[in-house]
Amino acid sequence: MTKILPPGAMFALIACGTVLGIAGTDLVLPAVPSLPQSLGGTIALAQLVLAAYALGTLIGLLAFGELGARFDPRKLLVWSLGLFTLTSFLAALVPSIEWLIVLRLAQGAFGSGPAVFAPGFISSSNSHDKAASALGRLGSIESLTPALAPIAGAYLLALGGWQISFAVLGSLGLAVAVVTGRYVASFPGRDRAPAPHQSYMTIIKDRAFLRYALSQAFSLGSILVFVFGAPAVLTGPLGKGIQDFVILQVCGIAMFIAGANLSSSLATRFGTGRVIATGTCVLASAFLLILVYAAAGGENITVVVAFWIIVNLGFGIRGPVGFHQAIIASHGDHSRGAALVIASILGTAAIGTAITAPFIGMGLWPLALASTAIAFLGLLSFVVLRPSTSESHR
């Protein structure tokens, strides 16, 4: 007999799967400096443990996006979780750092499956307004992971060494995989199969998809570039403590959650296009304020946090409905659509971080300049790629 899972429990399972993929970086992060002492190698080689996971995630996003367009995403989700579990346990048993790097590549690839399939499951099992709201809740849960997982990782490292984090990831992955496999029939199938000729390229050529995907990627990418560079800037040229970065993150995450939970209701009242445009304008304008303040020599963390709160409120308002619109614009090809959006976000963050890295020692303004430029690219994408139809009234 088919086992039916209540909608709330199904959402919780989807959230657990996506959080595991994110925690694959953040839970392991505190253990990285100790890896050369335990497994040999250098600290530079240890950094590849993080880089390999990021590269594996990017490969997995595109691979699962393609597989999800060809096969049942429900079965692929179970396989993704199962293989993530296996590689997590194997990673705890490696004899050298080189083997850990190889397994981290595989772990990142397998752990990306839930992120690819989650938007499609949520969109298919909810009405338009409820889907956007659910994506907002999912984003709120996911945003807590980078803040809480490193704390848990530091505790696990002190408790029993670097292997414990991988054992915990494996145990959690096993639990989620087993429950998901048991209730997999409760998850919605595809609304309709993508057209046989559909591919990544046909989706990319769609103007509406590009509008939502690029504005989403540049908006979130601008925030990630700032987050990735902020610890080095605060503790380096600004002479602050790491606790100031923690305050920045906590305040930003709290405001994102508040905005994300308002996103759907605001879209219902004022229109999706207007909410996305407004949120993107708020985000870009707040980054511009940070840039002006930094260029003027400002270093007061309270002022930066105040502007940062506005940045995250803007993205919280536009993020969930923006992502949902990108999924809709993929015309039923949810797996490929979600994979392209998430890969674009990661690519934007990676390129932006690489460009700003040589200038980190100059202070806050280069980082603010990069994030401001990327944020305005998000606004430009949404405005310039406006279709000739009455989409603005959607």
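Use the structure listed above.
Please read these numbers as outputs of a predicted model, since none were measured by experiment.

Visitor: Mind showing me how you'd approach the environment of Phe270 here?
Guide: Turning to its location among the elements, Phe270 is positioned in helix 11 (residues 242–270). Between the alpha carbons of Phe270 and Arg74 there is a distance of 35 Å; along the sequence they are 196 residues apart.

Visitor: For this particular structure, what's the right way to read the packing of helix 14 (residues 334–356) against helix 15 (residues 364–384)?
Guide: Working note: a packed helix pair is described by the angle between its axes plus the distance between those axes. Interaxial distance between helix 14 and helix 15 falls to 10 Å at its minimum, and their mutual angle equals 150°. Note on packing geometry: the crossing formed by helix 14 with helix 15 is right-handed. Between helix 14 and helix 15, the residues in contact are Thr348, Gly352 and Thr356 and Pro366, Leu367, Ala370 and Ile374, respectively.

Visitor: For this particular structure, what's the right way to read helix 6 (residues 113–125)?
Guide: For an α-helix the count is 3.6 residues per turn, leaving residues at separations of three or four pointing the same way. Counted at 1.5 Å a residue, the expected span for helix 6 with its 13 residues is 18 Å, and the 18 Å between its end C-alpha atoms agrees. The set of residues buried in helix 6 consists of Gly113, Pro114, Val116, Phe117, Ala118, Pro119, Gly120, Phe121, Ile122 and Ser123.

Visitor: Any chance you could explain the nonpolar core here in plain terms?
Guide: Side chains that are nonpolar tend, in soluble globular proteins, to be buried together. By size, the foremost hydrophobic cluster in this structure holds 73 residues, and its most contacted members are Leu35, Leu100, Ile122, Trp162 and Phe209. With residues up to four places along the chain from it excluded, the contact list for Leu35 reads Gly40, Ala46, Val49, Ile97, Leu100 and Trp162. By size, the runner-up hydrophobic cluster in this structure holds 33 residues, among which are Phe245, Ile290, Ile301 and Val305.

Visitor: Just checking my understanding: could you explain empty space enclosed by the protein for this structure?
Guide: Empty space left among the atoms is revealed by rolling a probe the size of a water molecule over them. All told, the structure shown has three cavities of 30 Å³ or more when counted by the stated rule. In this structure, the second largest cavity spans a volume of roughly 50 Å³. Lining the second largest cavity we find Leu13, Ile14, Gly17, Leu77, Leu81, Pro114, Phe117, Ala118, Phe121, Val176 and Thr180. Every element with two or more residues in the lining of the second largest cavity is listed here: helix 1 (7–26), helix 4 (73–91), helix 6 and helix 8 (163–182). The biggest single contributor to the lining of the second largest cavity is helix 6, with four residues. Per-class residue counts for the lining of the second largest cavity are nine nonpolar, two polar and no charged.

Visitor: Would you explain the side chain of Thr180 in this entry?
Guide: Inspection of the secondary structure puts Thr180 in helix 8. Here the side chain of Thr180 touches Val176 through a polar contact of 2.7 Å, landing on its backbone oxygen. Ignoring any residue separated from it by four or fewer positions in sequence, one finds Thr180 in contact with Leu13, Leu77, Val78, Leu81 and Phe187.

Rules used in this analysis
- Residues numbered from 1 in each chain as written.
- Predicted model: local features only at pLDDT ≥ 70, side-chain atom pairs only at ≥ 80, totals over all residues.
- Heavy atoms only, no water.
- Helix = DSSP H or I, 4+ residues; strand = E, 2+ residues; numbered from the N terminus.
- Axes fitted to C-alpha atoms, helices over the stretch in contact; angles between N-to-C directions.
- Left-handed = near helix turned anticlockwise from the far one by under 90°.
- Contact = heavy atoms within 4.5 Å.
- Expected span 1.5 Å × (residues − 1).
- Buried < 20%, exposed > 50% of the residue type's maximum accessible area, 1.4 Å probe, protein only.
- Core = buried A, V, L, I, M, F, W, Y, C linked by side-chain atoms within 4.5 Å.
- 1 Å grid on protein atoms, 1.4 Å probe; cavity = no way out; pocket = protein on both sides within 12 Å on 5 of 7 lines; lining within 4 Å.
- Points joined across faces, edges and corners; volume = space filled by probe spheres on them.
- Nonpolar A, V, L, I, M, F, W, Y, C, P; charged D, E, K, R; others polar.
- Polar contact = N/O pair within 3.5 Å; in protein donor to acceptor, adjacent residues only side chain to side chain.

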